[in-house]
Amino acid sequence: MFEKDKLDKIKENFNAFDSKTVEGLQKRPERKEVFETGSGAVVNRLYTPVDIEDFDYETDLGLPGSFPYTRGVQPNMYRGRFWTMRMYAGFATAEESNKRYKFLIEQGSMGLSVAFDLPTQIGYDSDHALSEGEVGKVGVAIDSLADMEILFDGIPLDKVSTSMTINAPASVLLAMYIAVGEKQGVSADKLRGTIQNDILKEYIARGTYIFPTEASMRLITNIFEYCSKEVPLWNTISISGYHIREAGSTAAQEVGFTLSDGIAYVDAAIKAGLDVDTFAPRLSFFFNAHNDILEEVAKYRAARRLWARIMKERFGAKKAKSMALKFHTQTGGSTLTAQQPENNIVRVAIQTLAAVLGGTQSLHTNSKDEALALPTEDSVRVALRTQQIVAHESGAADTVDPLAGSYYIEAKTKAIEEEAMEYIKKIDEIGGAPRAIDNGYIQQEIMDAAYNYQKDIESGKRVIVGMNKFQIEEEAPKGLLRVDPSVGELQKAKIQALKGKRDNALVTEKLEALRAACQTEVNLMPLILDAVRAYGTLGEICGVMREVFGEYQQSVQL
Amino acid sequence: MDRPIRVLVAKPGLDGHDRGAKVIARALRDAGMEVIYTGLRQTPEQIVNAAIQEDVDCISMSILSGAHNTLLPKVAELLKAEKVEDILVIGGGVIPDEDIPFLKEKGIAEIFTPGTPTTVTIDYIKENLKRDK
């Protein structure tokens, strides 16, 4: 990129500049001895062409919409249409959540994103003993197709795209969505959306696993295969770094561990006999957005470039869409403070800008009150408006990858790519992501980073405004959202009523067919769909699979 | 007695967010305490059984799912039913301030909300143990 003699001249000038600057520091020291990114990587005083001397525009960046996709997955990015503003929401009953979805659509939300409660995510009905106190709390309670019909009542499934944060029982919830489509007269090939379906990061960081690794990987590849034929517009997995970062990882670990998980899914699908180019175009990713805006932008660019290279070189993908890493972003929940919650609006705005400058395909912005409770309608509106302001007023969306060519951004993109690659190599040596999870390597690395971060906050090395600096006396915030505690009883009554009026013999027949199929190697999706259509409950369907497959045992480490 | 303080760090309920629990566990350990971490998805019964078996001085529960008003009091109740009166029970997580008086009334000695330095929790445990040290 740079001519050798010019580069030598720059080096010479830079060295002179640097020693002169360092001399001056004796009189006027800098604010810190060492400057670090949000992830603790060292930041230099100045970046010049010297920091990217091996940089090659054609091979490292290229053009947006083509390999290696560093600059983005579409040629014109947001000049065509903005990213999908997709607000994650759901609480209490299907009726309540349906109201919130309609509110969000009215306010300009462009896609739905369903949050399920913990019993649903772990495959228990609301009347299970372990569901006590949890029903409807962190998301909506879905026990059967009947609840799903209410959840999407009046929302035509051929007009919206729906993302569902569901992992261990993803096959069941997807089947319910397909069944709701059937009732609305929308065929499966018209359905658009995403299921998270990423079990590996549940074992690593998020915790809503059910089945052991092998059975989980089978369900995932069953979904890949089924959807490639029957639900071709569906994103069958959202390989998630979000929760890995929330658990405390660095930006480079977020990329390294997430892409390692991605490699494991591709490996599993190929091993199951699928051709890489049939399922890879429907893989999608999910990343975090933290406050260090420049590091985050570099992270997204590094992830795209690295994945493109992996798909092409490691897996021999041929289709362009198999190599293009498309991703959803959510602003960083762990960056929000319970103290002076209004400040969180500013944090979310910075994180939004990072995601947009980094070329995200969709975005959820957190609300200011989420360190305290689920967000109210008013605070959700501000969070959505934040995206709309960045979209319509900031100018950041009007040209593609505007930070490209910055010496710092390009050096940082390369550094994150290299560090992430080191993690991938290390995990390959251990024998792949599932094994590196079982032996606790990945969790340990994340935990070390999380603990260092906490220590930096407590020592004051890292400033969190309003929390460890610039504190004020505050009154307890008022008007937080509260989920009605009667939701649990309400759902229990609904299950009772359902079991009284459905064809119970038919349910048993479908559940037994599923049980038999679990013991063979056939694709389970059609059998799950049959059980769902007969109004078998989520708990019943997952219960059958629990009995055959057993349950995952977490490796507990500190 | 110069036995180190023993603490059970527990995750009640179905919530999988264990960053806080693990950070607090490490901080307590670095402060010289013996820490037993239960792992995820513990019922109140499991937590109380583990606490009795491990003969801990303190149960420290982390919960971010919103089920705190159901699950934390249940642990205190079960301890009472077992006639265990000398274990300090504390909690932390995403817990609105307005729920704290209720939880204290039910036998949770203190609740630590987001942003609390680990040193505050460590000092609290040291100063409020129910057994002589």
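Predicted model, so just to flag it, every value in this text is computed and none were measured.

Here's the deal with the overall build of chain A
Across its full length, chain A carries 22 helices and nine strands. Compactness check: chain A gives a C-alpha radius of gyration of 24 Å against a globular reference of 24 Å for 558 residues, within 12% of the reference. Residues classed as buried in chain A amount to 50% of the 558 residues present. If you take every contact in chain A between residues at least 6 apart in sequence, the share linking residues at least 24 apart comes to 77%.

Some details on the UniProt feature "domain: Methylmalonyl-CoA mutase alpha/beta chain catalytic" (unreviewed entry) in chain A
Residues given the UniProt feature "domain: Methylmalonyl-CoA mutase alpha/beta chain catalytic" (unreviewed entry) here are residues 37–551 of chain A. Measuring from the first to the last C-alpha atom of residues 37–551 of chain A gives 40 Å, for a span that is 50% helix and 8% strand.

Topic: the pairing of strand E7 (residues 283–289) of chain A
Residue and element names in this part refer to chain A. Of all seven residues making up E7, seven are buried, and the element is well covered by its neighbours. Of the two faces of E7, the one lined by Leu283, Phe285, Phe287 and Ala289 and the one lined by Ser284, Phe286 and Asn288 are each fully buried. Taken together, the five bridges between E7 and strand E8 (residues 327–331) define a ladder with parallel strand orientation. Paired with Phe287 across the two strands is Thr329, which belongs to E8.

Observations regarding the interface of chain A and chain B
Facing 32 residues of chain A, the contacting portion of chain B comprises 30 residues. Contributions of two or more residues to the side of chain A that touches chain B are made by helix H4 (118–121) and helix H18 (441–459) of chain A. In terms of residue count, H18(A) provides more of the side of chain A that touches chain B than any other element does, five residues in total. Tallied by class, residues from the side of chain A that touches chain B come to 19 nonpolar, eight polar and five charged.

Considering helix H10 (residues 251–271) of chain A
All names here are of chain A. Look at H10: 30 Å from first C-alpha to last across 21 residues, which is about the 30 Å you get at 1.5 Å a residue. Burial runs high along H10: 18 of the 21 residues are buried. One or two residues past the end of H10 sits Gly273, with phi positive at roughly 95°.

What to know about the sheet that holds strand E3 (residues 161–165) of chain A
All names here are of chain A. As summarised here, the arrangement of the nine strands in space is E5-E4-E3-E2-E1-E9-E8-E7-E6, forming an open sheet in which the pairing is parallel. Unpaired on one side and paired on the other, strand E5 (234–235) and strand E6 (237–240) mark the two borders of the sheet. With respect to the sheet, helix H3 (residues 94–106) is in contact with strand E1 (84–89) and strand E2 (111–115), its orientation differing from that of E1 by roughly 160°.

Quick word on the domain arrangement of chain A
One widely used convention gives an interface's size as the accessible area the parts lose upon coming together. All names here are of chain A. Taken domain by domain, chain A comprises domain 1 (4–52) and domain 2 (62–440 + 454–459). Between domain 1 and domain 2, the C-alpha centre-to-centre distance is 37 Å. With nine residues of domain 1 at the contact, the number on the domain 2 side is eleven residues. The residue makeup of the side of domain 1 that touches domain 2, split by class, is three nonpolar, five polar and one charged.

What counts as what
Residues numbered from 1 in each chain as written. Chains lettered and ligands numbered in written order. Predicted model: local features only at pLDDT ≥ 70, side-chain atom pairs only at ≥ 80, totals over all residues. Helix = DSSP H or I, 4+ residues; strand = E, 2+ residues; numbered from the N terminus. Rg over C-alpha atoms; globule rule 2.2 N^0.38 Å. Buried ≥ 20, exposed ≤ 12 C-beta atoms within 10 Å, placed from the backbone. Contact = placed C-beta atoms within 7 Å. UniProt positions renumbered as here; feature names shortened; annotations may be inferred. Pairing = 2+ DSSP bridges. Nonpolar A, V, L, I, M, F, W, Y, C, P; charged D, E, K, R; others polar. Expected span 1.5 Å × (residues − 1). Axes fitted to C-alpha atoms, helices over the stretch in contact; angles between N-to-C directions. Domains from an automatic or database assignment.

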